Amino acid sequence: VTTSTMRDFVMLSRTSSDKIELNNLSHGRWDVIARCVNSALWIAHALRPARMRVVLGAAHPPKTVVVDNTIKKVNPDEKNIAGWIAKVLTSASTNPGITVTEASFQATIKSLADRKLYVLHEKGQDIARVDFDDNPVIVLGDHIGLPPKDETFVRRFDNELVSVGPRSYLASQCITAVNIHLDRLGIE
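Residues numbered from 1 in each chain as written. Predicted model: local features only at pLDDT ≥ 70, side-chain atom pairs only at ≥ 80, totals over all residues. Heavy atoms only, no water.

Chemist: Even after reading the chapter, I still don't get the sheet that holds strand β4 (residues 50-56), so can you show me in this structure?
Modeler: In sheet architecture, strand pairing relies on hydrogen bonds along the backbone and comes in two forms, parallel and antiparallel. Across the sheet, which stays open at both edges, the 7 strands sit in the order β6-β5-β4-β1-β8-β7-β9 with mixed pairing between neighbours. Each edge of the open sheet carries a strand with a single partner, namely β6 (98-101) and β9 (159-163). On average, each strand axis in the sheet is tilted by 30 degrees relative to the strand beside it, whichever way the strands run. Where strand β1 (residues 7-13) lies against β4, 7 bridges are found, and the strand directions are parallel. By the bridge assignment for β4, V10 is matched with R53. Across the sheet, helix α1 (residues 30-41) touches β1, β4 and β5 (63-68), and the angle it forms with β4 is around 165 degrees. Across the sheet, helix α2 (residues 78-89) is in contact with β4, β5 and β6; its angle to β6 comes to roughly 50 degrees. (Pairing = 2+ DSSP bridges. Helix = DSSP H or I, 4+ residues; strand = E, 2+ residues; numbered from the N terminus. Axes fitted to C-alpha atoms, helices over the stretch in contact; angles between N-to-C directions. Contact = heavy atoms within 4.5 Å.)

Chemist: Help me understand the packing of α1 against α2 in this model?
Modeler: If you want to describe how two helices pack, look at the angle between their axes and the distance between the axes. Relative orientation of the contacting elements α1 and α2 amounts to 105 degrees, with a least axis distance of 9 Å. It follows from the interaxial angle that α1 and α2 lie roughly perpendicular. On α2, the residues that touch W30, D31, A34, R35, V37 and N38 of α1 are E78, I81, I85 and L89. Across the contact of α1 with α2, the residue classes break down as 6 nonpolar, 1 polar and 3 charged. (Parallel < 35°, antiparallel > 145°, perpendicular 65-115°, else oblique. Nonpolar A, V, L, I, M, F, W, Y, C, P; charged D, E, K, R; others polar.)

Here it is, written out as structure tokens:
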């Protein structure tokens, strides 16, 4: 699947490093990351044409985990998703749909800046009133949100602040809401 036909999500996980404790996924909030990957990629009985880029904000040097719909042997549960990411992070294994790059949040955003960026934000435009491009990049923070300096960086490019509803939602719920909305619009 090419990038021109793939829905992209970029999430900055501010507390996550490249260390995953499979028996304690809340450490480093890998539970949040796994739920977001699940929400971005899985639908009933299939994987959607999508890519989830998770920037590990506490990793030194910065790392970005990229998971797309070409993954194999991964089940849509938190421990299985985190386990496969852990294997790829430690180079103990490979999976065609999981890669790791040494890229910061700003470098990741810059690499996608030729496309329209939709930043999930509680004060954004209601998603129902947003005119989405055919090739959207959805940007969000984790359970803490985007730091002001990174939000300001994203705003330098073609972007729009969007909101999925009137309350504060979990990051994975926001991804699900965006996917359902884009599915209804027929946008891959």
